[in-house]
Amino acid sequence: MALLELQNVHTFYGNIHALKGISLAVNEGEIVTLIGSNGAGKSTTLRTISGLLSPRQGQVLLNGRRIDTMPSHEIVKLGVSQSPEGRRIFPRLTVLENLEMGAYIHSRRDPQYQADLERVLDLFPRLRERVAQKGGTLSGGEQQMLAIGRALMSRPHVLLLDEPSMGLAPILVDQIFSIVQDINKQGTTILLVEQNALMALGIAHRGYVLQTGQIVLSDSAKRLSENETVQKAYLGLD
Amino acid sequence: MAVKAQAQPLASRQASVGTLRQVLAPIGQIFVFVVGSSLILGAIVLVLALLLSRTQANLLSGVLTVLPLVIIDGLVLGFLYATIALGYTLVYGVLEFINFAHGEIYMVGAFVGGGLGLWLASQGLLAAMHPLLFVVFALLVAMTASGLLAVGIERFAYRPLRNAPRLVPLISAIGVSLVLQDLVRLLAGPSRFNLRYPQLGLSRRFQLLEIPTAAGANLRVAIDSQSLIFIVTSLLMLIALNYLINVTKLGKAIRAVAQDRATASLMGINVNLIIAMTFFIGGALGGGAGVLFGVKYSTVNPYIGFIAGLKAFTAAVLGGIGNITGAMVGGIVLGLLEAFVSTYLTLFTGGRFSGPDYASVASFLILIGILIFRPSGLLGEATTQKV
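Read on for a plain summary of the structure.

Reading the values: the criteria
Residues numbered from 1 in each chain as written. Chains lettered and ligands numbered in written order. Predicted model: local features only at pLDDT ≥ 70, side-chain atom pairs only at ≥ 80, totals over all residues. Heavy atoms only, no water. Helix = DSSP H or I, 4+ residues; strand = E, 2+ residues; numbered from the N terminus. Buried < 20%, exposed > 50% of the residue type's maximum accessible area, 1.4 Å probe, protein only. Contact = heavy atoms within 4.5 Å. Buried area = accessible area lost by both parts, 1.4 Å probe. Salt bridge = Lys/Arg side-chain N within 4 Å of Asp/Glu carboxyl O. Phe/Tyr/Trp six-rings, centres within 6.5 Å; stacked < 30°, edge-to-face > 60°. Lys NZ or Arg CZ within 6 Å of the ring centre and 35° of its normal. Pairing = 2+ DSSP bridges. Right-handed = clockwise from strand over helix to strand, strands pointing away. Axes fitted to C-alpha atoms, helices over the stretch in contact; angles between N-to-C directions.

Turning next to the side chain of Ser234 of chain B. Positionally, Ser234 of chain B belongs in helix H6 (residues 225–247). Residue classification places Ser234 of chain B among the buried residues on the basis of a relative accessible area of 0%.

Residues and elements named next belong to chain A. Looking at the element boundaries, Asp162 is found in strand E7 (residues 158–162). Judged by its relative accessible area of 2%, Asp162 is buried. As for Asp162 and Glu129, which are separated by 33 residues in sequence, their C-alpha atoms are 25 Å apart.

What follows is about the interface of chain A and chain B. At the junction of the two partners, chain A supplies 31 residues and chain B supplies 28 residues. Between chain A and chain B, a total of about 2,800 Å² is buried, with carbon and sulfur atoms accounting for 58% of that surface. Among the residues chain A hides against chain B, the three largest losses belong to Phe90, Arg92 and Tyr104 of chain A. Together they make up 25% of the total. The tally of links from chain A across to chain B stands at 3 salt bridges.

Now for the packing of aromatic side chains. One pass over the structure, following the stated rule, counts 10 aromatic pairs over all chains. Here the aromatic rings of Tyr88 of chain B and Phe313 of chain B are separated by 5.9 Å at their centres, their planes lie at 55 degrees, and the arrangement is tilted. Here Phe313 of chain B lies in helix H10 (residues 304–319) and Tyr88 of chain B lies in helix H2 (residues 59–95), a separation of 225 residues in the sequence. By relative accessible area, which is 18% here, Phe313 of chain B ends up buried. Here Tyr106 of chain B and Phe293 of chain B contribute two aromatic rings whose centre-to-centre distance is 6.1 Å and whose plane-to-plane angle is 75 degrees, an arrangement assigned as edge-to-face. Placement of the pair is Tyr106 of chain B in helix H3 (residues 102–122) and Phe293 of chain B in helix H9 (residues 271–297), with a sequence separation of 187 residues. For the pair shown, Tyr106 of chain B and Phe293 of chain B are each scored as buried. Taken together through their ring pairs, the aromatic side chains of Tyr88, Phe100 and Phe313 of chain B make up a single cluster. The ring centre of Phe156 of chain B lies 5.7 Å from the NZ or CZ of Arg155 of chain B, which sits over that ring. Just above the ring of Tyr104 of chain A sits the side chain of Lys249 of chain B; from NZ or CZ to the centre is 5.0 Å.

The next subject is the pattern of salt bridges. Under the definition given, this model contains 22 salt bridges over all chains. In this structure, the salt-bridge partner of Glu163 of chain A is Lys42 of chain A, at a minimum N-O distance of 4.0 Å. Taken together, the residues span a long stretch of sequence, with Glu163 of chain A in the loop between E7 and helix H7 (170–185) and Lys42 of chain A in helix H1 (residues 42–50) at a distance of 121 residues. Of the two residues, Glu163 of chain A and Lys42 of chain A, neither departs from the other in class, the shared state being buried. Note that Glu96 of chain B is salt-bridged to Arg166 of chain B, the shortest N-O span being 2.9 Å. Of the two residues, Glu96 of chain B sits in the loop between H2 and H3 while Arg166 of chain B sits in the loop between helix H4 (131–158) and helix H5 (167–188), which places them 70 residues apart along the sequence. By relative accessible area, which is 39% here, Glu96 of chain B ends up partly exposed. What you see here is one network of salt bridges that share partners, running through Glu100 and Arg108 of chain A together with Lys252 of chain B.

This part covers the pairing of E7 of chain A. Residues and elements named next belong to chain A. Where burial is concerned, most of E7 is hidden: 5 out of the 5 residues are buried. Burial along E7 is two-sided: Val158, Leu160 and Asp162 facing one way and Leu159 and Leu161 facing the other are all buried. Inspection of the sheet shows strand E6 (residues 80–83) paired to E7 by 4 bridges, in the parallel sense. Counted as the bridge partner of Gln82 is Leu160 from E7. In this view, the connection linking E7 to its parallel neighbour strand E8 (residues 189–194) by way of H7 has right-handed handedness.

What follows concerns the sheet that holds E8 of chain A. Residue and element names in this part refer to chain A. One open sheet accounts for 6 strands, arranged E6-E7-E8-E3-E9-E10; its pairing is mixed. Strands with a single pairing partner mark the edges of an open sheet, and in this sheet they are E6 and strand E10 (214–220). For this sheet, the mean inter-axis angle between neighbouring strands, taken without regard to orientation, is 15 degrees. Bridge count for strand E3 (residues 31–35) against E8 is 5 bridges, and the pairing is parallel. Looking at the pairing, Leu34 lines up with Val193 of E8. The sheet contacts of helix H6 (residues 140–152) involve E6 and E7, and relative to E6 the element is tilted by about 170 degrees.

Take H1 of chain A next. Extensive coverage of H1 of chain A is indicated by the burial of 8 of its 9 residues. Gly51 of chain A, located one to two residues past H1 of chain A, shows a positive phi value of around 90 degrees.

This part takes up the side chain of Glu100 of chain A. Note on placement: Glu100 of chain A falls in helix H3 (residues 95–102). If we skip the residues at most four places from it in the chain, Glu100 of chain A touches Arg108 and Tyr113 of chain A together with Lys252 of chain B.

This part covers unusual backbone geometry. All names here are of chain A. If you check the backbone angles, Arg155 has positive phi at about 55 degrees while not being a glycine. Relative to the helices and strands, Arg155 resides in the loop between H6 and E7. At Thr212, a residue that is not glycine, the phi angle is positive and equals roughly 35 degrees. When you line up the elements, Thr212 lands in the loop between strand E9 (206–211) and E10. Given the relative accessible area of 52%, Thr212 is considered exposed.

Given below as structure tokens:
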């Protein structure tokens, strides 16, 4: 059984039919990527999984249990955590407070809390230097690190990453992607949404290609990056 | 590893020093504004007195005699506005919505405290109680009642309208405030319309200092028990609020919800619960202010919430709406200003203008000036942190 599964999910923004029957599965231990152009429905898919949007039709299952009818703060407790599009860190909370909010579902007396904090600060040494700084004063790259680190603080089984490469210099993108791989090796399953298909397929095991709210292709990452349509449309190769 | 072991305690120590600073800094800022406003207003009054003393004999000594009392009155009024203003600013910070029913929550607190006093008196229990014990007891009961009332209002009058256009919940708030005014009037009945707090026998005055004057008789500066209770209690409430907002997990969650509601829910924060808690805290502060008002001024009526609410709203805007320290500072500046205008306008015009009638004019002139020249408020958004 897949860890996370979407079955024929339809999500609407008002009258706009954003997801038209998405079905996908993420298995324990995988990095799965969703690629596609602007407006294809990648972020909408993640927002639906996290419970920020509710599907009008279809089901979202975590370990076989329906979660699409639950409010988002309950879904986090089941082990699904999201680093949202555009980082969305809390600008007037310090780095440490942002991370603390990431661990909101755990008690601060939880002995594991310090260990989680250490793990995140080890993954992102830059954040360690800036624990007392307000989130809003960080650079774009640091904010992205904080957003991922904050999502890890809840000790998720599945980490949803929405466009971690957005607006970052190529060298930082490499750095962040290699950290994402490390996180996966430490045992967290990852669903990665990216416009940077080349990078995403480089680290993922499997991928899905989204177009106007539908999945048009799904395969192993290796085969997807060799696929002619994918190369033309998303990798910029001729 | 060794490097890390050193770095970690350092980081947490920095954080805890930062925490202490976060709790104490607003109190420091209040102190600065209390002293600063008193000095500036005092200086203006003295200059005016010197200018006018050519035509009016004895004016200067009269001005000096009442100055300490005016400052104490101003502080009482200022802390009243500050405590109520916090309710506006907390809710605004989280929902970007002006809760115009907040003045009535304060009024209900005043009635609950007074009603409790009358009931205790009728049972013969009040006489056996130390007055301070009664004040603490009344505060706890009224704060709980007002807090729960605010939560109920949010649940039934605002939450269903959360995604409606901004004007809609505002109209709902005005409706709630009218309902509360008339509901309390109905419950109180004609005999209790002007509810008198029971006599607590707080007649002690505390001498603060004694200033020798040229005339020979020493000028004694004293503060009455009620004013002292008022100032100390509201200061304690402000310190407690700062601790709650800056240090506790709940406070951080409130700030997180204020900054980004959707992302807060991705952290596992129950946003509706946090909003309800924010209303509870704001309502409890308002209710506490109501009891303190009753203890100090002894009579309350169902309409006291309107003007007090408007003034507190002015204070919140003056300090920068959504900014907690700003609300406290704005309240105090406004209170001092009103106290100065009340007393000295009468004195300087030889009674031709009645100062207390013009105090509100001064407040609202300040509001207009702030909105024109510094819409972000005294403490501006860039320099200090919002909720």
